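Working through the structure, step by step
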Amino acid sequence: MKRTLAKVSPGVWTGIALVLALILWEAAAKAGHVDLFFFSCPSQIWAEFLEMLADGTMAIHLSVTAKEAGLGLLLGGVLGTITGLTLGTHPRLSRALMPLMTGLNGLPKLAMGPLIIIWFGLGLKSKVIMSALMVFFIFAFNLYSGVLSVERELITAVKLLGGTRQQVMRKVIWPASIPWLLTSLRTALGLSISGAIVGEYLGASKGMGWVLAASSSRFDVGRVLCCVAVIVVIVVLGDCVVRLLERKLLKWR
Amino acid sequence: MKLLELNNVTVSFPSPDGTMLTALEGMNLSVNKGELVAMVGPSGCGKSTALNVLAGQVTPVSGQVHLAGQPVEGILPSVGYISQADTLLPWRTVLDNVALAMELRGMPKKERREAARDLMAKMGLTGFENNYPRELSGGMKKRAAIARVLAVDPAILMMDEPFGPLDALTKEKLQDEILTLWESTGCTILYVTHDLTEAIALADRVVLVSQRPGRVVREYPIDLPRPRRVMDVKFLPRFVELEQAIWHDLQTELRRGEGEP
Ligand SMILES: Nc1ncnc2c1ncn2[C@@H]1O[C@H](COP(=O)(O)OP(=O)(O)OP(=O)(O)O)[C@@H](O)[C@H]1O
Ligand SMILES: [Mg+2]
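Analysis parameters
- Residues numbered from 1 in each chain as written.
- Chains lettered and ligands numbered in written order.
- Predicted model: local features only at pLDDT ≥ 70, side-chain atom pairs only at ≥ 80, totals over all residues.
- Heavy atoms only, no water.
- Helix = DSSP H or I, 4+ residues; strand = E, 2+ residues; numbered from the N terminus.
- Rg over C-alpha atoms; globule rule 2.2 N^0.38 Å.
- Buried < 20%, exposed > 50% of the residue type's maximum accessible area, 1.4 Å probe, protein only.
- Contact = heavy atoms within 4.5 Å.
- Lys, Arg positive; Asp, Glu negative; His and termini not counted.
- Charge placed at Lys NZ, Arg CZ, Asp CG, Glu CD.
- 1 Å grid on protein atoms, 1.4 Å probe; cavity = no way out; pocket = protein on both sides within 12 Å on 5 of 7 lines; lining within 4 Å.
- Points joined across faces, edges and corners; volume = space filled by probe spheres on them.
- Nonpolar A, V, L, I, M, F, W, Y, C, P; charged D, E, K, R; others polar.
- Near = heavy atom within 4 Å.
- Polar contact = N/O pair within 3.5 Å; in protein donor to acceptor, adjacent residues only side chain to side chain.
- Phe/Tyr/Trp six-rings, centres within 6.5 Å; stacked < 30°, edge-to-face > 60°.
- Domains from an automatic or database assignment.
- Buried area = accessible area lost by both parts, 1.4 Å probe.

The next subject is the overall build of chain A. Broken down by element type, chain A carries 12 helices and 0 strands. Moving toward the C terminus, one meets the helices and strands of chain A in the order α-α-α-α-α-α-α-α-α-α-α-α. Over its C-alpha atoms chain A spans a radius of gyration of 23 Å, topping by over 25% the 18 Å that the globule rule assigns to 253 residues. Principal axes of the C-alpha set define a box for chain A whose edges measure 75 × 60 × 30 Å. Considering chain A as a whole, with its 253 residues, one finds that 40% of them fall into the buried category. Put simply, of all contacts in chain A between residues at least 6 apart along the chain, 71% involve residues at least 24 apart. Each charge class in chain A can be summarised by its mean position, and for the 24 positive and 12 negative side chains these summaries are 16 Å apart.

If you add up the space inside the largest pocket, you get close to 740 Å³. Of all the secondary structure elements, the ones that give two or more residues to the lining of the largest pocket are helix 2 (10-30), helix 4 (42-54) and helix 12 (221-249) of chain A. Counting residues per element, the lining of the largest pocket draws most heavily on helix 12 of chain A, at 11 residues. Taken together, the residues that form the lining of the largest pocket break down as 17 nonpolar, 2 polar and 2 charged. Elements that contribute at least two residues to the lining of the second largest pocket include exactly helix 10 (165-202) of chain A together with helix 4 (109-122) of chain B.

Another point: the site of ligand 1. Residue and element names in this part refer to chain B. Inspection of the region around ligand 1 gives 13 residues, with Ser43, Gly44, Lys47, Ser48 and Thr49 positioned closest. Contact distances for ligand 1 include 2.5 Å between an oxygen atom and a side-chain N or O atom of threonine 49. Between ligand 1 and arginine 212 there is a distance of 3.1 Å, counted from an oxygen atom to a side-chain nitrogen or oxygen. Looking at the shell around ligand 1, the elements that each hand over two or more residues are strand 2 (20-32) and helix 1 (47-54). The class makeup of the residues in the shell around ligand 1 is 4 nonpolar, 6 polar and 3 charged.

Time to look at the packing of aromatic side chains. Residue and element names in this part refer to chain A. With the rule as written, the count across this model stands at 7 aromatic pairs over all chains. Considering the side-chain rings of phenylalanine 37 and phenylalanine 38, the 5.2 Å spacing of their centres and the 80 degrees angle between planes classify their relative orientation as edge-to-face. In textbook terms, an aromatic cluster arises when at least three aromatic residues are bridged by ring pairs, as seen for Phe37, Phe38 and Phe219.

All names here are of chain A. Topologically, asparagine 142 is positioned in helix 8 (residues 124-148). The exposure class of asparagine 142 is partly exposed, given its relative accessible area of 21%. For asparagine 142 and arginine 165, which are 23 residues apart along the polypeptide, the C-alpha to C-alpha distance reads 22 Å.

Further remarks concern the domain arrangement of chain B. All names here are of chain B. The domain boundaries assigned to chain B delineate domain 1 (2-78 + 155-259) and domain 2 (84-154). A separation of 25 Å is found between the C-alpha centroids of domain 1 and domain 2. Opposite the 17 residues of domain 1 that make contact, domain 2 presents 14 residues. Between domain 1 and domain 2, a total of about 1200 Å² is buried, with carbon and sulfur atoms accounting for 65% of that surface.

Set out below in structure tokens:
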């Protein structure tokens, strides 16, 4: 019995715990122990979800946020990766720029939100930049460490086999950095969405962040929780995709 | 014909305390085409440094380095270097590792894979084409590393204690394979080792390097019959004689090192 229990994957346990909590919550609400106005309940949230799905609000706002976060992740990811790789391969440049990078990373990025709205307006641009800003440093620092951790011997060996600087970059440093890139991607996924949502929260007319802001000002807790749940599910699904990618790309480990 | 030549070569490295550490001082060494030379000497005496100079990886402070009559400036593609460390790229299959040098030279995929398959067969690695290095034993990794440098038909093979960490049996098998390879291709090999038995069993000539700063103390021509198998030669009376002579000189060299302040 004990052995069969141990074989069950931890994901299943998480699922069971979650379902139990939801049932408990629902039961407490039905029994009148939970103030529905403040805390809502699973069935209400589900109804809210179906309604938003049916009247198209979910599709509209989710696609806006997804687009912003996706573009932000792409922009921040690409720029961060290039920055990390460049700093990693240029010791003198990194000695000059690393303190600056560390300092900039120390800035409270969420607090930059209002400024970014002022600079880049209420539209798509400010959200993409907000989201890119959230993830840029993750990629930059991870890839930088990645390059530094490449075994010297591998680089030397490839040079001795006739590899040029560029070939060393393409055939040693880049493949050795892929694990770091994927780790960054997993961390950045949630943050890119947070960035977009904060941007929307601060000034927008659509997107999940806007729905969150609007419904919480109406004390529509059901809708707020519904949006939160949808975002969580999306982040978890995204994480699963990256994990699959990891399994496929890193099977050499 | 002299293929490789170190002429009065001195190499020094900056050491952490700010002074210079002289690794090689006035080293003279030449290797003829088709010769198998083994280099032995105390740990830290500069054997790897000598190889690095010959491979164009380390620039000497003074002295001349020549390969096939040409001065060595920078890394040469005609040198096949096998280091002590395991340097197969872990994210590549064995086949793609063996094909690497050809890939760097721009050979098309189909051709280089075919050539790599042949090399793998030659090194007894058939069946492991699609495995990753971590799935190979230490001995197989070394075979793959050898196959990888053979791919570009190097003018000289330089091996730095290639079989150091392997068990005795695997080691002997690989040593025999090196002998077969050398006998069948007539390539030139410069072989660094800690292991005196290995040096004598393989080489035409053993070169003894002094304590740091390294220079050549003495050279011993190895007049054992060819073709050799390690197992057959290592019990010959002549072998034991040579081993004793070199061992004696090596001990003297080691004591000289300890005697110094
Ligand atoms: N790149 C380098 N920078 C600084 N010092 C070095 C460098 N390479 C070698 N040395 C020093 O030069 C000396 C000779 O080193 P080398 O690696 O050539 O010795 P070795 O004979 O190969 O030793 P072993 O048999 O233990 O491998 C050592 O004292 C080492 O610390
Ligand atoms: Mg060495």
